[in-house]
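Summary of the model geometry
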Amino acid sequence: MKQNPVFRVVAKILFAPIIMFGLYVQFHGDYSPGGGFQAGVIIAAAFILHAIVFGLQAGREIVSARVNLWMMVFWRFALWWSWRCFYGERWSLS
């Protein structure tokens, strides 16, 4: 599919709207069906479409390794912080 110009143009056009729709589903999940899982699937579908059409290496170059590292650090800290705020000292090992 790397050589087909129709797929390449359509994938370039649809990438941003798919991401925007995923964000819409994420932020309006309180008022309508949707939420985190559905939004994650939609956003992942955009990246999968890009990787299929332009190749896996081009898909990996969308987000650099440094950004991936910082996203992992942020989410690990966010999960730890939310765990501490929700459960507090009830689950402490000491």
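Calculation rules
- Residues numbered from 1 in each chain as written.
- Predicted model: local features only at pLDDT ≥ 70, side-chain atom pairs only at ≥ 80, totals over all residues.
- Heavy atoms only, no water.
- Helix = DSSP H or I, 4+ residues; strand = E, 2+ residues; numbered from the N terminus.
- Expected span 1.5 Å × (residues − 1).
- Bend = angle between axes of the 7 residues up to and from the residue.
- Buried < 20%, exposed > 50% of the residue type's maximum accessible area, 1.4 Å probe, protein only.
- Contact = heavy atoms within 4.5 Å.
- Polar contact = N/O pair within 3.5 Å; in protein donor to acceptor, adjacent residues only side chain to side chain.
- Axes fitted to C-alpha atoms, helices over the stretch in contact; angles between N-to-C directions.
- Parallel < 35°, antiparallel > 145°, perpendicular 65-115°, else oblique.
- Left-handed = near helix turned anticlockwise from the far one by under 90°.
- Nonpolar A, V, L, I, M, F, W, Y, C, P; charged D, E, K, R; others polar.
- Patch = residues over 30% accessible without salt bridge, like charges linked within 9 Å, V, L, I, M, F, W, Y side chains within 5 Å.
- Areas by Shrake-Rupley, 256 points an atom, 1.4 Å probe, with all protein chains shown as cover.
- Salt bridge = Lys/Arg side-chain N within 4 Å of Asp/Glu carboxyl O.

**A short note on helix α1 (residues 5-27)**
With 23 residues, α1 ought to run about 33 Å at 1.5 Å a step, and its terminal C-alpha atoms sit 34 Å apart, in line with that. Along its length, α1 reaches its greatest deviation from straightness, about 35°, at Leu14, and the proline Pro17 lies no more than four positions downstream. Where α1 is concerned, the buried positions are Ala11, Ile19, Gly22 and Val25. For α1, the secondary structure elements touched by its buried residues are α2 (36-54). Capping of α1 at its N-terminal end is provided by Asn4; its side-chain oxygen lies 3.1 Å from the backbone amide nitrogen of Val6.

**Focus on the packing of α1 against α2**
The relative placement of two packed helices is expressed as an angle between their axes plus a distance between the axes. Between α1 and α2, whose axes approach to 8 Å, the crossing angle comes to 170°. Between α1 and α2, the angle falls in the class roughly antiparallel. Classified by chirality, the crossing of α2 by α1 is left-handed. Taken together, the residues of α2 that come into contact with α1 (itself represented by Phe7, Arg8, Ala11, Lys12, Phe15, Ile18, Ile19, Phe21, Gly22, Leu23, Val25 and Gln26) are Gly36, Gln38, Ala39, Ile42, Ile43, Ala46, Phe47, Leu49, His50, Val53 and Phe54. For the contact of α1 with α2, the residue count by class is 16 nonpolar, 5 polar and 2 charged.

**What about a nonpolar patch on the surface?**
On the surface, a nonpolar cluster with roughly 430 Å² of combined accessible area is contributed by Val6, Val9, Val10, Ile13 and Leu14. Following the sequence through the fold, Val10 ends up in helix α1.

**With respect to the side chain of His50**
Locating His50 in the fold gives a position in helix α2. Given a relative accessible area of 16%, His50 falls into the buried group. Other than its neighbours up to four places away in sequence, His50 contacts Phe15, Gly55, Ala58, Gly59 and Ile62.

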